[in-house]
Amino acid sequence: MIRSPMSLPVSNSYRAPARLTLCVLGILVCVSLLAIAQSQQAPEPQAIIRKQVNLVLVDVAVTDSKRALIGGLQASDFELLEDGAEQEIIHFSQDEIPLSIALLVDVSRSMLPSIEPIRKALAHTLPTLKAEDRVALFSFAAACRVEMPLSNDYPAMTRRVSALQTAIGTNVNHALHYASEYLQQHAPSGRRVIILVSDMDNDMGNISDDRVEQQLTNLDVGFFGIRQVADLTASQRPWHGRRIDADRMAKTSGGFILDVPNPAKVDAAMVSLIKTLKLRYTLGFYPRAGGQPGAIRDIKVRLKNTNRQKELSRAKLHFRQRYQLPSEAPANSP
């Protein structure tokens, strides 16, 4: 009679390995459970940023008299004031919080010579961003469109820039307004920044500089720009528009504008700008209790009198100057 494998008697020689297998499996399960428990107990990266919706983040760049960035500072080196009252710095970091960038490329006909330099600049600079950073590519002339959503597929993005087609008209303020709303919707947390590459000559649209400035403040978006400065006087320009007050809008939001005399300088300007974004300090504080939701409060950041004061005596701070109170009642603590 032939027995099936299931009916074969189990000898002692088979029992020992079975017990050993069960023992090993038990150890593996325990190790897995321990790892899960530890991962749950470990502090979640930037959890304070995601969970505490009342936390106000202020990005600060510190430069010396030659506009070189100053690193190595600590939270104790800064003093942060809200409407003149000093606030405790709850969060302090440097290039740790994920960065979401809306890259606006002007494709009006006056910017045609800059398209290839922009592509080269992005190929050099975007790979230097953190793995969790994201960039969205926009093109604009009379209208603004999303060429690529938030992504870190930078090779595809640089190829897409090469394929951009020029168009008639320039509506810079509409593009800034559109991009800031996009960031609010698709990047609700972390650091949000617009980088505009344009000659910043606006010849259409009805969105004012004041409205864009207010939008940047309300949505907590920093505005940085690379402005191509043409060698033309106002009377020589072949249109009847105006140049937006980008410097004012950028300063209010904590950014700045870099002027380039010709397209060949775009690459160096982009390298400088991305480096600045990567080396900015992030200070977080809780708003003072009280006040109407949506009210605007002023921000002031200063350097304290520390041991490095001699080195920092001529330092300049770049940060946003005001923010809007959140819709829920502000609180001083979680």
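As a reminder, the structure under discussion sits directly above these lines.
> Before we move on, can you summarise the packing of aromatic side chains with the specific residues and values?
To describe a pair of aromatic rings, one takes the distance between the centres and the angle between the planes. For the structure shown, the criterion picks out seven aromatic pairs. Seen from their ring centres, Phe138 and Tyr182 are 5.1 Å apart, and the 90 degrees between their planes marks the pair as edge-to-face. Taken together, the residues span a long stretch of sequence, with Phe138 in strand S6 (residues 134-140) and Tyr182 in helix H5 (residues 172-186) at a distance of 44 residues. With centroids separated by 5.1 Å and ring planes inclined at 85 degrees, the aromatic side chains of Phe224 and Phe256 adopt a geometry described as edge-to-face. In this pair, Phe224 sits in strand S10 (residues 222-228) while Phe256 sits in the loop between helix H7 (246-253) and strand S12 (257-260), placing the two residues 32 residues apart along the sequence. According to the relative accessible area criterion, Phe224 is buried, its value standing at 2%.

> Residue-level account of the packing of H5 against helix H6 (residues 209-219), with values.
In a pair of packed helices, the angle between the axes and the distance between the axes together describe the arrangement. Look at H5 against H6: their axes get within 10 Å of each other, and the N-to-C directions meet at 15 degrees. When the axis of H5 is compared with that of H6, the two are roughly parallel. Note that H5 runs across H6; the crossing there is left-handed. For the pair H5 and H6, the contacting residues are Asn173, Leu176, His177, Ser180, Glu181 and Gln184 in the first and Asp209, Arg211, Val212, Gln215, Leu216 and Leu219 in the second. Across the contact of H5 with H6, the residue classes break down as four nonpolar, five polar and three charged.

> Any chance you could break down the side chain of Asp133 for me, citing the residues and the numbers?
For Asp133, the location among the structural elements is in the loop between helix H3 (115-125) and S6. Taking relative accessible area as the criterion, Asp133 reaches 0% and is therefore assigned buried. At 2.8 Å, the side chain of Asp133 and the backbone nitrogen of Leu99 are in polar contact. Within polar-contact distance, the side chain of Asp133 engages the backbone nitrogen of Lys130 at 2.9 Å. Setting aside its immediate chain neighbours within four residues, Asp133 contacts Ile97, Pro98, Leu99, Asn152 and Tyr154.

> Can you explain the sheet that holds strand S1 (residues 56-63)? Please cite residues and give values.
Overall, antiparallel pairing links the four strands, which are arranged S4-S13-S1-S15 in an open sheet. The sheet terminates laterally at strand S4 (91-94) and strand S15 (316-318), the two strands that pair on one side only. Strand-to-strand twist of the sheet, defined as the mean angle between neighbouring strand axes without regard to direction, takes the value 25 degrees. Pairing analysis gives five bridges linking S1 to strand S13 (residues 281-285), with the strands arranged antiparallel. Paired with Val56 across the two strands is Phe285, which belongs to S13.

About the criteria used
- Residues numbered from 1 in each chain as written.
- Predicted model: local features only at pLDDT ≥ 70, side-chain atom pairs only at ≥ 80, totals over all residues.
- Heavy atoms only, no water.
- Phe/Tyr/Trp six-rings, centres within 6.5 Å; stacked < 30°, edge-to-face > 60°.
- Helix = DSSP H or I, 4+ residues; strand = E, 2+ residues; numbered from the N terminus.
- Buried < 20%, exposed > 50% of the residue type's maximum accessible area, 1.4 Å probe, protein only.
- Axes fitted to C-alpha atoms, helices over the stretch in contact; angles between N-to-C directions.
- Parallel < 35°, antiparallel > 145°, perpendicular 65-115°, else oblique.
- Left-handed = near helix turned anticlockwise from the far one by under 90°.
- Contact = heavy atoms within 4.5 Å.
- Nonpolar A, V, L, I, M, F, W, Y, C, P; charged D, E, K, R; others polar.
- Polar contact = N/O pair within 3.5 Å; in protein donor to acceptor, adjacent residues only side chain to side chain.
- Pairing = 2+ DSSP bridges.

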